[in-house]
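Survey of secondary and tertiary structure
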Amino acid sequence: MSMIIHEVTQGSPEWHALRAQYKNASEAPVMMGATKQMKRNELLHAKKTGLDKDVHWWVQRFLFDRGHEVEALARPIVERIIGEDLYPVVGTRNGMLASMDGLTLLGNLIFEHKLWNPELAEQVRNGELEPHYYWQLEQQLLVSEAEEVIFVVSDGTEENMVHMRYKPVRGRAKKLIDGWRQFEADLAEFEPNMDTKPEPVGRTPENLPALRIEVTGMVTNSNLVAFKEHA
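Predicted, not measured: the structure shown is a model, and the values here were computed from it.

What to know about the nonpolar core
Judged by nonpolar contacts, the single largest core of 38 residues is most densely connected at L129 and F151. Only α2 (28–31), α3 (40–49), β4 (96–103), α5 (118–126), α6 (131–144), β6 (148–154), β7 (161–166) and α7 (172–189) provide two or more residues apiece to this core. One finds A74, L86, L109 and M161 within the second-largest nonpolar core, a separate group that totals 10 residues.

A short note on α7
With 18 residues, α7 should cover 26 Å at 1.5 Å per step; its first-to-last C-alpha distance of 26 Å lies within 8% of that length. Restricting attention to buried positions, one finds in α7 the residues L176, G179, W180, F183 and L187. Each buried residue of α7 lies within a common arc of 100 degrees when the element is viewed along its axis, so the set occupies one face. Exposed side chains of α7 directed beyond 90 degrees from the buried face belong to K174, K175, R181, A188 and E189. Summarising the contacts, the buried residues of α7 are in contact with β2 (23–24), α2, α3, β4 and α6.

Topic: the side chain of H113
By the element assignment, H113 lies in strand β5 (residues 109–115). Its relative accessible area of 6% is what places H113 among the buried residues. A distance of 2.7 Å separates a polar atom in the side chain of H113 from a polar atom in the side chain of S154. In this view, H113 contacts G67, V70, E71, A74, D101, V152 and S154; residues no more than four positions away in its chain are not counted.

Things to note about the packing of α6 against α7
Relative to each other, α6 and α7 sit at 95 degrees, their axes nearing to 10 Å. Here α6 is positioned roughly perpendicular relative to α7, judged by the angle of their axes. Residues Y134, W135, E138, Q139 and L142 of α6 pack against R172, A173, K175, L176, I177 and W180 of α7. Its residues assigned to classes, the contact of α6 with α7 comprises 7 nonpolar, 1 polar and 3 charged.

Looking at the pattern of salt bridges
In this structure the tally under the stated criterion is 12 salt bridges. Linking R181 and D178 is a salt bridge whose minimum nitrogen-to-oxygen distance equals 2.9 Å. In this pair, R181 and D178 are both assigned in helix α7, 3 residues apart and thus about one turn of the helix distant. Under the relative-accessibility criterion, R181 is labelled exposed at 52%.

Structural notes on the confidence of the model for the protein
Summing up the model confidence of the protein, the mean pLDDT is 84 and the portion of residues at 70 or higher is 77%. Every residue in residues 54–63 is under pLDDT 50, and counting partners more than four places away or in other chains gives 9 contacts.

Things to note about α3
Those residues of α3 lying buried are L43, L44 and A46. Down the axis of α3, the sector holding all buried residues measures 165 degrees, keeping them to one side. Close packing links the buried residues of α3 with α2 and α7. Positive backbone phi, at 75 degrees, marks G50, one or two positions downstream of α3.

Basis of the calculations
- Residues numbered from 1 in each chain as written.
- Predicted model: local features only at pLDDT ≥ 70, side-chain atom pairs only at ≥ 80, totals over all residues.
- Heavy atoms only, no water.
- Core = buried A, V, L, I, M, F, W, Y, C linked by side-chain atoms within 4.5 Å.
- Buried < 20%, exposed > 50% of the residue type's maximum accessible area, 1.4 Å probe, protein only.
- Helix = DSSP H or I, 4+ residues; strand = E, 2+ residues; numbered from the N terminus.
- Expected span 1.5 Å × (residues − 1).
- Arc of directions from axis to C-beta.
- Contact = heavy atoms within 4.5 Å.
- Polar contact = N/O pair within 3.5 Å; in protein donor to acceptor, adjacent residues only side chain to side chain.
- Axes fitted to C-alpha atoms, helices over the stretch in contact; angles between N-to-C directions.
- Parallel < 35°, antiparallel > 145°, perpendicular 65-115°, else oblique.
- Nonpolar A, V, L, I, M, F, W, Y, C, P; charged D, E, K, R; others polar.
- Salt bridge = Lys/Arg side-chain N within 4 Å of Asp/Glu carboxyl O.
- pLDDT = per-residue confidence, 0-100.

Listed below in structure tokens is the structure:
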């Protein structure tokens, strides 16, 4: 079965609705237990309940939105490097989904962009990515059937840009497929722990001590400090 391309914009409500129906490339590192950002059980809980992990507005603005802005700046630079145009693509195949920052017209090369950070840049220079990154790339390659990924880390400028070519590593695709198969089995049996609201801790107003202040031209005795602490 070849890749099915979906005409949805990444980040749109339609894109989120589509993602809810598939095993997503961005979730692959979590499913494989290869990231500290989210635990596997948290992904099971999100999939079982249909609830997305909370994203505060500042995370959206300064990580996700910033990432898209920088990606747009980096795209023409990368197109000059590879000598081809790149087109954002959302595709599915065999129950898996991959949202690719770019794909060449022939579909043989994927563009994946990450925001600049020195640690990741060093991995790229050394040509060795951590599992947190390569499981996403393996799923993108599996879904698109592309030959390789140009993996780019930048701040949108040529001065702070490094890139490497990533090709599928023998055995990883099978591990990924087996991992998703086990995840589906675990999901079928997973019982979500719906957190209850914590009981309020404190003292009700009727249990507060009586406020006592003795005044003889000046305050000579008071339990005001204790009263304020209880209140």
